[in-house]
Amino acid sequence: MRLLIMGPPGAGKGTQAKFIAEHFKIPAISTGDIFRANVSQGTPLGIEAKKYMDAGEYVPDEVTNLMVRSRIDEPDAVAGFLLDGYPRTSQQVEELDGMIKFTGHSLDAVVVLTVDQDEIVGRLIQRAEAEGRADDTEDVIRRRQEVYAEETEPLIELYRGRGLLVEVDGLGEVDAVTQRIFDALDVVPES
Ligand code: AP5
């Protein structure tokens, strides 16, 4: 399976990506996690990405696209993958289309987690207290939401137009959301 998971900051993409990946035996590839790993290792990519992440802005497309391209070329992603947090701009969609076409496959589905704005802010503030993620401050959360609304939300309609959209209610217990996603994806035919 070649899947995407989308949704606003705090929708539960990372939480659910792990379960979906286990279920379909594919790697979950999170651009946010890869950037954070590079930031904590102090790599040149991490130093570059941190400037944008700390401000709630997107890392430039050229940097992000190259990183995803090299990750999905790895052997564990040959039979499929779940991308969490990519693509987020129309330029990234174009780039991903090219990457997938090159493999002779196509995307199977795009899971979109729908959530209520107040619930999300509550989740991120709770996470800020528990984990202290650098971009979980009130101002940066607000900016991440704005950037999502401007750059990424419109992509949902694009994937709807392609007939790939699987919209799932992201509210409720984590297990209940996971079950809804499985129920929706288990009927999607693999390309
Ligand atoms: P990224 O790490 O992807 O951040 P995000 O999109 O803001 O998403 P989050 O990780 O905050 O939320 P999530 O939807 O994954 O929810 P989670 O499962 O964690 O990206 C970070 C930054 O990297 C970006 O701002 C950007 O700078 C850069 N970046 C990444 N990709 C990029 C790209 N393609 N292009 C350019 N730049 C890029 O859950 C959130 C919290 O809620 C957790 O505490 C969790 O435990 C809790 N929770 C989850 N589900 C539930 C539930 N059902 N009920 C209650 N609590 C729940």
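Our subject is the structure that appears above.
Residues numbered from 1 in each chain as written. Predicted model: local features only at pLDDT ≥ 70, side-chain atom pairs only at ≥ 80, totals over all residues. Heavy atoms only, no water.

A.B. asks: Hey, could you run me through the sheet that holds strand E3 (residues 81–84) in this one?
C.D. replies: Read across the sheet, five strands follow the order E2-E3-E1-E4-E5 without closing on themselves; strand pairing throughout is parallel. The open sheet has two edge strands with one neighbour each: strand E2 (28–30) and strand E5 (165–169). Across the sheet, the axes of successive neighbouring strands diverge by a mean angle of 20°, strand direction being ignored. Taken together, the four bridges between strand E1 (residues 2–6) and E3 define a ladder with parallel strand orientation. The partner of leucine 4 across the bridge, within E3, is leucine 83. Where helix H7 (residues 138–161) meets the sheet, its contacts fall on E1, strand E4 (109–114) and E5, and the angle it forms with E1 comes to roughly 140°. (Pairing = 2+ DSSP bridges. Helix = DSSP H or I, 4+ residues; strand = E, 2+ residues; numbered from the N terminus. Axes fitted to C-alpha atoms, helices over the stretch in contact; angles between N-to-C directions. Contact = heavy atoms within 4.5 Å.)

A.B. asks: Would you mind showing me how to read the site of the ligand here?
C.D. replies: Near the ligand you find 30 residues, and of these Thr15, Thr31, Glu57, Arg88 and Arg144 are the closest. Within the backbone of valine 59, a nitrogen or oxygen atom sits 3.1 Å from a nitrogen atom of the ligand. Here an oxygen atom of the ligand and a side-chain polar atom of arginine 133 are 3.0 Å apart. Alone, the ligand offers 1000 Å² of accessible surface; in the complex the protein occludes 87% of this. (Near = heavy atom within 4 Å. Polar contact = N/O pair within 3.5 Å; in protein donor to acceptor, adjacent residues only side chain to side chain. Areas by Shrake-Rupley, 256 points an atom, 1.4 Å probe, with all protein chains shown as cover.)

A.B. asks: Could you clarify how one ought to interpret the pattern of salt bridges in this entry?
C.D. replies: In a structure, side chains of opposite charge can pair up when their charged atoms sit close to one another. Scanning all chains against the criterion turns up 19 salt bridges. Between arginine 162 and aspartate 97 there is a salt bridge, with its nearest N and O atoms 2.8 Å apart. In this pair, arginine 162 is assigned in the loop between H7 and E5 and aspartate 97 in helix H5 (residues 90–103), connecting sequence segments 65 residues apart. On the accessibility criterion, aspartate 97 (28% relative accessible area) is partly exposed. As a salt-bridge pair, glutamate 157 and arginine 160 come within 3.0 Å of each other at their nearest N and O atoms. Note that glutamate 157 and arginine 160 are positioned in helix H7 at a spacing of three residues, about one turn of the helix. The exposure class assigned to arginine 160 is partly exposed, which follows from its relative accessible area of 37%. Taken together, the shared-partner salt bridges in this structure form one network comprising Arg127, Arg133, Asp135, Asp136 and Arg144. (Salt bridge = Lys/Arg side-chain N within 4 Å of Asp/Glu carboxyl O. Buried < 20%, exposed > 50% of the residue type's maximum accessible area, 1.4 Å probe, protein only.)

A.B. asks: How should I be thinking about unusual backbone geometry in this particular structure?
C.D. replies: Tyrosine 86 connects to proline 87 through a cis peptide bond whose omega is 0°. Tracing the sequence through the fold places proline 87 in the loop between E3 and H5. One non-glycine residue, lysine 25, lies in positive phi territory at about 55°. For lysine 25, the location among the structural elements is in the loop between helix H1 (13–24) and E2.

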